[in-house]
Amino acid sequence: MPEPPVGGAGGGALTRLLRVFLRPYAGLLAAMTALLAAQAAGNLYLPALNADLTNKGVVSGDTGYVWRTGGLMLAVVLGVGLLSVATTWGTSRVAMGAGTRMRAALFRRVQAFSTAEVGRFGIPSLITRNINDVQQITAFLQAALAPLVMAVLMCAGAVVMAVRESAALSLLLVVAVPVLALVIGGLLLVLVPMARTMQDRVDRINHVLREQITGVRVTRAFLRTGTEQQRFHRASADLTAISLRTFRIYAAIMPVVMVVANLSSVGVIWFGGHLVSRGSTPIGNLTAFLVYVLQVLVYAVIAVSVIALAPRAVASAERVDQVLRTDPVIADPADAVTPAEATGAVEFRHVDFGYPGGERPVLTDVTFTLRPGRTTGIVGSTGSGKTTLLQLILRAFDVTGGEVLVDGVDVRRQSADRLRGPIGLVPQAGFLFGGTVASNLRFAAPDATDEQVWRALTTAQARDFVAAMPGGLDAPIDQGGTNISGGQRQRLSIARALVRPSRLYLFDDCFSALDVATDARLRAALRDATREATVVIVAQRVSTIMHADQIIVLDAGRVVGVGTHEHLLDQCVTYQEIVASQLGEEAA
Ligand SMILES: Nc1ncnc2c1ncn2[C@@H]1O[C@H](COP(=O)(O)OP(=O)(O)OP(=O)(O)O)[C@@H](O)[C@H]1O
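Everything numeric here is computed off the predicted structure, so don't read it as measured data.

As for the overall build of the protein chain
- Looking only at helices and strands, one finds 20 helices and twelve strands in the protein chain.
- Taken along the three principal axes of its C-alpha coordinates, the protein chain extends 120 × 50 × 45 Å.
- Burial status across the protein chain gives 47% buried among its 588 residues.
- Summing over all exposed atoms, the protein chain offers an accessible surface of approximately 28700 Å²; the carbon and sulfur share of this is 61%.
- The average position of the 52 basic charges and that of the 45 acidic charges among the side chains of the protein chain differ by 9 Å.

Here it is in structure tokens:
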């Protein structure tokens, strides 16, 4: 699988995402900063008050001064506590809000992706990026926003206050702070690439797990459970290994910081003790200085523990940014043309097509016309390009040569909504959503009445089995429709396309799981229900399309015959071979 495009590099991606997703919260962030500044001022004021209380109250025995200053200190502590509650509330709101917006933006982008972009990232990776990576970024914001601002304010303020208390002792900070900065910076440089690898391995686990859960029946049938377990254990062990290495480094950060902090305190007490005994510094100033130095170090520790989350957030931001920066190859034109009339007419003019990255062309010089009110059958051996042809009508991919016109206008010049709105598609694999029979049928027509829903079920030959299901229209359907049979799934998919009246119906080999009698009844009912529309039926069985108004025969991506069943039986060798092989099968 080719690598997804690389978006912004390193912290650049995180900065870009934060700029975009924090912008709506600029006002709240400004208010938070003001509250944090007030909180920091309170925290910085307390040691100074304490110094005053010691120097002017305790040392000189002024009890009144002690009470007054003590009361003021209590009020400051309460104020700081209240501010802290407010800022925690604010940062949670900002972090969660930005995360929600990020997830929504990712979801919108992925919805706009064509099969090519989805294939480039891979479904498991897109899921991890939307859930796990956004969560890493949100967790970082939640933990980092207030503490980081607070740490900057407190460190700067405490340094200023410490210098005010004792300029001589402040020289200690000149040594301690750069040592801390160097240690922290070095560790972060090592952690970012490790965090990136960690997220990739989470992707890998997701990939293996998803494949194993969806393919569990095949795994059991081929007795591969043991091998698959080993594959999962390997992916899990790889993640454990990188996680252990990463967290060992995380574990080293705190002791290093604590050693620097404790050595600094010892230094302050050692040198400060000398200054006090020489009488050049009052005892109150020494205790205040000690508190300021501890404040600098405590907030440096807080900053470090928060910054330690950054590498994972940076790695996750790169992965989220890659998705957001990937433009879908299939996009609406700036000057979209709306066809004068929605007739459902389709025309292929010398269409060539090859899948992105594919070596061989899948369709070559395909030309035909589909008219409203007529049914066209498409037959051809497996892999001859039938599904691809329908995908081009829906503009799931762009042609590499020629043009596809719907309602007389090139599909590339129409908006996707206008193009796909009047098309009723029944895909080859009848996918159903988790919910009920009714919620699946109302997927394209939310306002459809029960009567319309039952009518579509009747046409799709699904009325009897739905009526027999407990709950009828409200009968539960599991995700993917796994609680009903393949044939029932196909019929519900057909009914879903019929609930909303369309001008163009595309049935992609969706009759294959039906028995011959149901297939015949369904086609007869369809003829009545879709009388004025353009109908395309891709089929493996000739009996499904032999009564169509026209049949297109594909062979290795080329049209080798167009006409009625009788005409093709007479003129088209490939068609004769297909018919002969199927009659042979039936005879056998
Ligand atoms: N997403 C894809 N990327 C690359 N190649 C593809 C992709 N989808 C299909 N192909 C290739 O294009 C060719 C035509 O595939 P298509 O699904 O259109 O055939 P089909 O006639 O519908 O086959 P079937 O009857 O088996 O459903 C095949 O060779 C297939 O391998």
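Text resumes after the structure shown.
Thoughts on the UniProt feature "domain: ABC transmembrane type-1" (unreviewed entry) in the protein chain
- Using the residue numbers shown here, the UniProt feature "domain: ABC transmembrane type-1" (unreviewed entry) corresponds to residues 30-312.
- Segment residues 30-312 splits into 92% helix and 0% strand. End C-alpha atoms: 26 Å apart.

Re empty space enclosed by the protein
- Within the structure shown, the criterion is met by two cavities of 30 Å³ or more.
- Considered as a void within the structure, the largest cavity measures approximately 50 Å³ in volume.
- In terms of lining, the largest cavity is formed by Ala342, Thr343, Gly344, Val406, Asp407, Arg418, Leu419, Pro422, Ile423, Arg503 and Leu504.
- Across the lining of the largest cavity, the residue classes tally to six nonpolar, two polar and three charged.
- There is about 40 Å³ of room inside the second largest cavity.

Quick word on the pairing of strand E10 (residues 534-538)
- Counted residue by residue, E10 has five buried out of five residues, so it is predominantly covered.
- As paired strands, strand E3 (residues 375-380) and E10 are joined by four bridges and run parallel to one another. Directly across from Thr375, in E10, lies its bridge partner Val535.
- Two elements, strand E9 (residues 504-508) and E10, share five bridges in a ladder whose sense is parallel. When the sheet's bridge partners are listed, Asp508 is paired in E10 with Val538.
- Remark: the E9/helix H17 (residues 516-529)/E10 crossover connection has right-handed handedness.

Details of the pattern of salt bridges
- In the structure shown here, the tally under the stated rule is 20 salt bridges.
- The shortest N-O distance in the salt bridge between Arg109 and Asp327 comes to 3.1 Å. Taken together, the residues span a long stretch of sequence, with Arg109 in helix H3 (residues 63-112) and Asp327 in the loop between helix H10 (310-324) and strand E1 (346-353) at a distance of 218 residues.
- Here Arg109 falls in the partly exposed class, since its relative accessible area comes to 23%.
- Two residues, Glu318 and Arg196, come together in a salt bridge whose shortest N-O distance is 2.8 Å. Taken together, the residues span a long stretch of sequence, with Glu318 in helix H10 and Arg196 in helix H6 (residues 171-214) at a distance of 122 residues.
- Given a relative accessible area of 9%, Glu318 falls into the buried group.
- Judged by relative accessible area, Arg196 falls into the partly exposed class, the value being 32%.
- A single network of salt bridges, built from pairs that share partners, joins Asp133, Asp200, Asp203 and Arg319.

Here's the deal with the UniProt feature "domain: ABC transporter" (unreviewed entry) in the protein chain
- Under the feature "domain: ABC transporter" (unreviewed entry), the UniProt entry names residues 346-581.
- With 35% helix and 25% strand, residues 346-581 has end C-alpha atoms that lie 31 Å from one another.

Concerning the packing of aromatic side chains
- Taken as a whole and judged by the stated rule, the model has eight aromatic pairs.
- A ring pair is formed by Phe353 and Tyr355, whose centres lie 4.9 Å apart and whose planes are at 80°; its orientation type is edge-to-face.
- Classification of Phe353 by relative accessible area gives buried; the value is 2%.
- Both rings, one in Phe353 and one in Phe397, keep their centres 5.7 Å apart while their planes meet at 50°; by these two values the pair is tilted. In this pair, Phe353 sits in strand E1 while Phe397 sits in the loop between helix H11 (386-393) and strand E4 (401-406), placing the two residues 44 residues apart along the sequence.

Let's talk about the site of the ligand
- Residues in contact with the ligand, as listed here, are Tyr355, Val362, Ser381, Thr382, Gly383, Ser384, Gly385, Lys386, Thr387, Thr388, Gln428 and Gln540.
- Between Tyr355 and the ligand, the recorded distance is 3.5 Å, taken from a side-chain N or O atom to a nitrogen atom.
- Within the side chain of Thr382, one N or O atom sits 2.5 Å away from an oxygen atom of the ligand.
- Here the ligand has 640 Å² of accessible area as a free molecule, and 63% of this is covered by the chains.

A word on the sheet that holds strand E11 (residues 550-555)
- Reading across from one edge, E6-E9-E10-E3-E11-E12 is the order of the six strands in this open sheet, with mixed pairing throughout. Each edge of the sheet is formed by a strand with only one pairing partner; in this case those strands are strand E6 (423-426) and strand E12 (558-563). Recorded for the sheet is a direction-independent mean angle of 15° between the axes of neighbouring strands.
- Contacting E3, E6, E9, E10 and E11, H11 runs over the sheet at an angle of about 155° to E9.

Regarding unusual backbone geometry
- Unlike most non-glycine residues, Asp509 shows phi in positive territory, near 50°.
- Turning to its location among the elements, Asp509 is positioned in the loop between E9 and H17.
- The phi dihedral of Ala556 is positive, around 50°, even though this residue is not glycine.
- Position of Ala556 among the secondary structure elements: in the loop between E11 and E12.

A word on the packing of helix H8 (residues 225-277) against helix H9 (residues 283-307)
- Contact geometry for H8 and H9: axes closest at 10 Å, N-to-C directions at 170°. Taken together, H8 and H9 sit at an angle that is classed as roughly antiparallel. Here H8 contributes Ile253, Met254, Val257, Met258, Ala261, Ser264, Ser265, Val268, Ile269, Gly272, Gly273 and Val276 to the contact with H9, which in turn contributes Ile283, Leu286, Phe289, Leu290, Val293, Leu294, Leu297, Val301, Val304 and Ser305.
- Along the lines of polarity and charge, the residues of the contact of H8 with H9 split into 17 nonpolar, five polar and no charged.

Topic: the domain arrangement of the protein chain
- Each domain of the protein chain was delimited in the assignment, giving domain 1 (11-324) and domain 2 (346-587).
- When each unit is reduced to the centre of its C-alpha atoms, the spacing between domain 1 and domain 2 is 55 Å.
- Contacts between domain 1 and domain 2 engage four residues on the former and four residues on the latter.
- Counting every contact that joins domain 1 to domain 2 gives zero salt bridges.
- Counting across the interface, domain 1 meets domain 2 through zero residue pairs in polar contact (both at pLDDT 80 or more).
- Its residues assigned to classes, the side of domain 1 that touches domain 2 comprises one nonpolar, two polar and one charged.

Cut-offs and rules
- Residues numbered from 1 in each chain as written.
- Predicted model: local features only at pLDDT ≥ 70, side-chain atom pairs only at ≥ 80, totals over all residues.
- Heavy atoms only, no water.
- Helix = DSSP H or I, 4+ residues; strand = E, 2+ residues; numbered from the N terminus.
- Buried < 20%, exposed > 50% of the residue type's maximum accessible area, 1.4 Å probe, protein only.
- Areas by Shrake-Rupley, 256 points an atom, 1.4 Å probe, with all protein chains shown as cover.
- Lys, Arg positive; Asp, Glu negative; His and termini not counted.
- Charge placed at Lys NZ, Arg CZ, Asp CG, Glu CD.
- UniProt positions renumbered as here; feature names shortened; annotations may be inferred.
- 1 Å grid on protein atoms, 1.4 Å probe; cavity = no way out; pocket = protein on both sides within 12 Å on 5 of 7 lines; lining within 4 Å.
- Points joined across faces, edges and corners; volume = space filled by probe spheres on them.
- Nonpolar A, V, L, I, M, F, W, Y, C, P; charged D, E, K, R; others polar.
- Pairing = 2+ DSSP bridges.
- Right-handed = clockwise from strand over helix to strand, strands pointing away.
- Salt bridge = Lys/Arg side-chain N within 4 Å of Asp/Glu carboxyl O.
- Phe/Tyr/Trp six-rings, centres within 6.5 Å; stacked < 30°, edge-to-face > 60°.
- Near = heavy atom within 4 Å.
- Polar contact = N/O pair within 3.5 Å; in protein donor to acceptor, adjacent residues only side chain to side chain.
- Axes fitted to C-alpha atoms, helices over the stretch in contact; angles between N-to-C directions.
- Contact = heavy atoms within 4.5 Å.
- Parallel < 35°, antiparallel > 145°, perpendicular 65-115°, else oblique.
- Domains from an automatic or database assignment.

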